[in-house]
Amino acid sequence: MKIVTLFFEHITNWGLVWFGLIFWGSIFNATSAYYFQDSHEFGFVLLTYLLGLILGLLAKYRGWVWIN
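As a starting point, this report considers the structure included with it. (Residues numbered from 1 in each chain as written. Predicted model: local features only at pLDDT ≥ 70, side-chain atom pairs only at ≥ 80, totals over all residues. Heavy atoms only, no water.)

Here the focus is the overall build of the chain. Each helix and strand counted, the chain has 2 helices and 0 strands in total. Against the compact-globule benchmark of 11 Å for 68 residues, the chain has a radius of gyration of 14 Å, which places it well outside the compact range. Principal axes of the C-alpha set define a box for the chain whose edges measure 45 × 25 × 15 Å. When each of the 68 residues of the chain is scored for burial, the buried share is 16%. Excluding contacts between residues fewer than 6 apart, the proportion of contacts in the chain whose partners are at least 24 apart in sequence is 60%. (Helix = DSSP H or I, 4+ residues; strand = E, 2+ residues; numbered from the N terminus. Rg over C-alpha atoms; globule rule 2.2 N^0.38 Å. Buried < 20%, exposed > 50% of the residue type's maximum accessible area, 1.4 Å probe, protein only. Contact = heavy atoms within 4.5 Å.)

The structure is reproduced here in structure tokens:
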């Protein structure tokens, strides 16, 4: 039960960061795949998900609300 409680506390506190990493990282990755031929390289993929992570961190620390 303690693990479940810790998991839900983590999601409550870091949900926007995970959302930025997964959702926005995927959007940026799909956009780069559409516009750039070499976007399947690891560095390109890493960059797109890093941008999503940065956007998620900005949302957390600036108090942006995307999902309620």
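Of note, Leu50 is situated in helix 2 (residues 42-62). A residue is classified by how much of its surface remains accessible, and Leu50, at 43% relative accessible area, is partly exposed. A sequence separation of 22 residues divides Leu50 from Phe28, and the C-alpha atoms of the two residues are 9.7 Å apart.

It is worth spelling out the packing of helix 1 (residues 2-35) against helix 2 at this point. Running from amino to carboxyl end, helix 1 crosses helix 2 at an angle of 145 degrees, the nearest separation of the two axes being 7 Å. You can see that helix 1 and helix 2 cross each other, and the crossing is right-handed. Its residues placed into classes, the contact of helix 1 with helix 2 shows 16 nonpolar, 9 polar and 1 charged. (Axes fitted to C-alpha atoms, helices over the stretch in contact; angles between N-to-C directions. Left-handed = near helix turned anticlockwise from the far one by under 90°. Nonpolar A, V, L, I, M, F, W, Y, C, P; charged D, E, K, R; others polar.)

Looking at where Ser32 falls in the secondary structure, it is placed in helix 1. The exposure class of Ser32 is buried, given its relative accessible area of 6%. Separated by 25 residues in sequence, Ser32 and Phe7 have C-alpha atoms that sit 32 Å apart. Among all residues touching Ser32, those that are not within four sequence positions of it are Ser39, Phe44 and Thr48.

On to helix 1, then. The terminal C-alpha atoms of helix 1, which comprises 34 residues, lie 46 Å apart, in line with the 50 Å expected from a rise of 1.5 Å per residue. Bending of helix 1 peaks at approximately 70 degrees at the position of Trp14. What helix 1 keeps buried is the set Gly15, Val17, Gly20, Gly25, Asn29 and Ser32. Turning to helix 1, the residues buried within the fold contact helix 2. (Expected span 1.5 Å × (residues − 1). Bend = angle between axes of the 7 residues up to and from the residue.)

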